[in-house]
Each structure stands twice: as structure tokens, then as C-alpha cells.
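Spelled out from the first residue to the last, the chains are:
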Amino acid sequence: MAASACWGGMLFGWDSGLIGGILQRPAFKRAFGLTDNAIAWANISGWIVSVLQAGCFFGAMSAALVSEKFGRRGALFIAAFFFHLGSLLQVTPLTGGQSPENGLIQLYVGRAIGGFGVGMVSVVVPTYISESSPKHIRGRLTGMYQLFIVIGIALSFWVNYGMLVQIGDEDTHNEKIWRIPFALQHLPGILLVVTMLWEKESPRWLGERGRWEDAKVVIARLSNKTTDHPDVVNEVDEIRADLEKNIRLSFGEQFRQATSSGKMFYRCSIPAIMMFWQQWTGVNSMNYYSPVIFGELGLTGNTAGLLGTGIYGIVKIVMTVLVLQLGMEQYGRKALLVWGGLGQALPMFYIAGYRHVRQGDPTIDGASYVAIVMIYLYVTFYSFGWSVAPWPAMSESVPNQLRSLTMSIGLMSNWLFNFTISKITPILLAQIGWGTYFLFGCTTLVASIWAVFFLPETGGYAIEDMHQLWNGNIVKQSLRDNRYLFKMYNNAAVGAIGHERDEENSGKAAAERQNSTEKGSDEHFEKVREG
């Protein structure tokens, strides 16, 4: 189920890795009559990259409305339509002739339309998976979205490398070197549509429409149990109880509830805050412009730059798989964000110092090789922290009845700052050079500090119990949860929570739950989470 939906993540990953290699090809520049002036080219390339993010912003904005009306699964099919339409326009622009700017306009329009589909997918996929997954592997499955993004990035890196090796830059009239990579991005879109044909709707969305028998069938299918199995019946009852407690709200009512108090507003802002920090770690500047960055650090020649970029993509895949398998459910979200962020910041500071001292000196020596290693170390820690951990953390933090609205706003934040980063990075690299890396190092450091003081640990709770984290003082809860920075929380907590729910259903734990809530204390649930 999760893998089928996560093909949507590859849509964005493929494009973000693809465009950096295409922009450097002389055949691409000639086809659209693009300038060789460094400052002007930085501006144009920034627009070619960032117009996709502009489309993504509006796709994320519409995702909540579309997914509420047509369902999570239906929204994915609608998003795939826009993606394929945009990809087709990117493959087929008319080039050369007297008006190459017409082809460039078609490229812009295609990237914006394709981006609309990608933006919608980015909201719907984490929501769909989190609503369909059992709590003990929910973080791992939701984090798969990021895994498919980095697989798409790596594959597109190697496609660009293959095009350069097989076709080369000598013939600037051979447009296959950029049209074929654009055409191949249809593949993950096709896989998304084909695999989702066999999947079912989110059980929570079905429950909101009163389709409880359908919801029971979906849960039974996903858990490989019969519809009358006690676990299936209990899960349906939990969803029903939560929906009865939180009646279905219009978007206006959701907005009013999200802003009903300072604490509720902050809780609903977690997705937007986390996406802001994720983008300002600077990772997408590396994805989009990595060939340029590797060239600045000493990997000269087009083939060497793309080879370095391809290896960069492989490192991201390997580390993301390791974190999902060994870290997400064992160490929780908070530890990954804090330690991953600190590990990201240090390589950026080294590269900033290296670029400042060298001032464009192309000499290759030990310090140059260390700088290249630092890029790989940077992506290792990004994969460890701000790559996968934000997706489950933000989908778990928000109230159930406000998830569509808050996730849409969170992903709008993602695409807004993705647009900002992709537009300013080539300009920053051209204007301030080393300061670009210093800036991203500082913002990543601040992101880690925020996670220490203002983010409770969300791992180990059922979604229906998540409100317990936010009853008391958020800073105190966040500081208490810092103990998970230095140790694993016991994954037996999953079984403990399940046992707790069985007791609650029989009335044995209701009084204890109520007392814990009235005192504004999370001690009861902390004991459960620790097993």
C-alpha cells in the first residue's frame, strides 16, 4: 500500500535531480537561445527550476479540497493526470527557428502544470499512508515517501550521466540529450497510476463518509485478518470514537479551530515549521545545482561532475534505507532531527571556510578532497535526520480532524521555500560564493535547537492518543523528551499501548486516563511508550 502511493514521491525526486544536469547541456542552451552571461544565466536557470515549485505550491493548496471531495486515492489519480500533462509539454517544445522563446514559454508552462500534480501528491501521500498504517510501523511507512524521492533523484542523476556518456556535448543540435530524460519522468507517474489501481481508499476517509463496512474491509485487507477479527473491530471502533468526538468540519470551521488558542495554533503549525526548516537546510540547492557545486569543489569536467552527483544520489538512498530500517521506530523522530541537523551543519561550515580561503583557486589538493567528502557527509546526516523524520512527525502532530488543512499548509510552506531556495541558490553562488554554505549551516543549526526546545517526541503513540502530548507545557514536554536523544525508547511500547486500549475498552483504564488528562500530565502515556 505504502509503496504504491510512494511512487508519487518519485515524481518530485526525478525532476529535482534531472533538471540540474539538463541545464548544463550546451544542446539545451542552444535549443532555447539561452545566454552564456553568468549573471543572466543564473537568473534564467533559477526560473526554469523554480517555476515547478510555483506549480507545486498551488497543487498543495488545492490538495486538501480535492482529497476531501474525491478521497485520498482519487486525488492521486487527479495529480497523476496533471503530472503527465506537464511532462508531455516539457518533452515536446518547439525549438530553434526565429522565436526560441516560444519553446521556453511551453517549457515553463509544462513545468508549472507538472508541479501542480507533484504538489498535490506531496500532501496526499503522507496523509493516505498515515491514515492507513498500523502505529508500530507508521513512521517507517510514511518515511518511505522520502525514500522514493531520493531514489528518483539518484535515478535521474544516472540518466543524465548516461546521456552525457552515450550522446555527449559535441553535437549541440542533438536534442535527445535533454528530451529523453524529460520523457523518462513519465515512468514513475505510470507506476503510480497502475499500482494504485489495486489499492483501496483510506479507512479514515471512508469512516468520515459513514462507509464503515468498507473501512472494515480495507483494515482487514491491510492487516491480513478477517473483518470480524477483534483487532479489526477495535481499530474501526477507535476511528469511529475519534470521529464522533471530532465532528467533520468545513474548511472555515477547521481554520477557526486551528486558531482557537495559541497552543492549538502552534500544534497546527508544526507541518509548516518543519517544512520551512527542511528546505533551509539547503538540501535542494544540492539536488538542483550539485553539478555546479561539485565543479566548484574541484571535480572538473562535465562527466566528473555528473559522476560525483550520481554517487551523491546513491549515498542518499543507502542512508535513507538504513534510517527507516534501524532508526525511525527505534530512536524516534526527535533524536534523528537533532543529531542529523548538527551533523549537517558542520560540513556546511567546513565547505564555507574552504571556499572562503580558496576564493575560486582551482588547485586540487587534500583540502579539496576533504570538501568533496564533506558533501557526502552532509547528505549522510541529512538522510539521517531532516530527510525522513519530518514526514511522520508532522502528520502525527496535528489533530485528526484538521489533518487535511494543516498538511496542505505544511506542504505549501515546503513548496514556497523550495521555490525560494531554487531561485536564489544560483544567484547566491554567483554573488557570495562561500556565504551560501555558511547560511545553510547556520539555519540547520537553528533547526536543531528548535527541535530540542519546541518539539515533543511523537513516536510510540496511536494517532487517536496524540493529543496527550499537547495538554501541558510544550517546552517542558519537549525537554522531558530529550532523554530519547541518548537512548532508544522501548518498541515494546506498541504492545503496551495496544494492551492499554484493550483495558480502556473494558473500562479498566478510563479513570486513569481521565486523571492523567485533568492533571495536565503525560506520565501515564510516557510509561506506556517506554514499555
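Just above, that's the structure.
Within any chain, residue numbers begin from 1 and follow the written order of that chain's sequence. Thresholds applied to this predicted model are a pLDDT of at least 70 for local features of residues and 80 or more for the giving and counting of side-chain atom pairs; totals over whole chains, interfaces and linings are not thresholded and use all residues. Each side-chain value is derived from all of the structure's non-hydrogen atoms; neither hydrogens nor water enter the calculation.

1. Quick notes on the overall build of the protein chain
Phase 1 of the analysis: Looking only at helices and strands, one finds 23 helices and 0 strands in the protein chain.
Phase 2 of the analysis: Buried positions account for 58% of the 531 residues belonging to the protein chain.
Phase 3 of the analysis: The contact criterion used is simple: two residues touch if any of their non-hydrogen atoms lie within 4.5 Å. When contacts within the protein chain are restricted to residue pairs at least 6 apart in sequence, long-range pairs at least 24 apart make up 83% of them.
Phase 4 of the analysis: For the protein chain, the accessible area works out to roughly 19,900 Å², and carbon and sulfur atoms hold 65% of it. A run of H or I in DSSP becomes a helix once it reaches four residues, and a run of E becomes a strand once it reaches two; helices and strands are each numbered from the N terminus. Between buried and exposed lies partly exposed: a residue is buried under 20% and exposed over 50% of the maximum accessible area for its type, with that area taken using a 1.4 Å probe on protein chains only. In these tables, accessible area is a Shrake-Rupley quantity obtained with a 1.4 Å probe, and a residue counts as shielded only by the protein chains included in the view.

2. Let's talk about the packing of helix α18 (residues 403-431) against helix α19 (residues 434-454)
Phase 1 of the analysis: Every axis corresponds to a line fitted to the C-alpha atoms, with the helix fit spanning only the stretch in contact, and the corresponding angles, defined between N-to-C directions, vary from 0 to 180 degrees. Between α18 and α19, the least distance of the axes is 8 Å, while the angle of their chain directions is 135°. Compared by their axis directions, α18 and α19 come out oblique. Contacts from Ile 421, Thr 425, Leu 428 and Leu 429 of α18 reach α19 at Thr 436, Tyr 437, Leu 439 and Phe 440.
Phase 2 of the analysis: Along the lines of polarity and charge, the residues of the contact of α18 with α19 split into 6 nonpolar, 2 polar and no charged. Under this scheme an angle from 65 to 115 degrees is roughly perpendicular, one under 35 degrees roughly parallel, and one over 145 degrees roughly antiparallel; angles in between are oblique. Charged residues are taken to be Asp, Glu, Lys and Arg, nonpolar residues to be Ala, Val, Leu, Ile, Met, Phe, Trp, Tyr, Cys and Pro, and polar residues to be all remaining types, Gly included.

3. A short note on the packing of helix α6 (residues 176-184) against helix α7 (residues 186-196)
Phase 1 of the analysis: Look at α6 against α7: their axes get within 5 Å of each other, and the N-to-C directions meet at 10°. When the axes of α6 and α7 are compared, the pair comes out roughly parallel. The segment α6 lies against α7, with Phe 182, Ala 183 and Leu 184 engaging His 186, Leu 187 and Pro 188.
Phase 2 of the analysis: Residue composition of the contact of α6 with α7, by class: 5 nonpolar, 1 polar and no charged.

4. Points about the nonpolar core
Phase 1 of the analysis: Throughout this description, the term nonpolar core refers to a set of buried Ala, Val, Leu, Ile, Met, Phe, Trp, Tyr and Cys residues connected via side-chain atoms within 4.5 Å. If you look at the biggest cluster of nonpolar residues, it comprises 89 residues, and the most contacted ones within it are Met 274, Tyr 312, Leu 411 and Trp 450.
Phase 2 of the analysis: Residue contributions to this core peak at 11 residues, all from helix α3 (residues 38-91).
Phase 3 of the analysis: For the purposes of this description, domain bounds are those given by an automatic or database domain assignment. Looking at which domains feed residues into this core, each of domain 1 (1-199) and domain 3 (246-489) supplies at least three.
Phase 4 of the analysis: Leu 18, Ile 19, Leu 23 and Trp 41 belong to the second largest nonpolar core, which has 22 residues in total.

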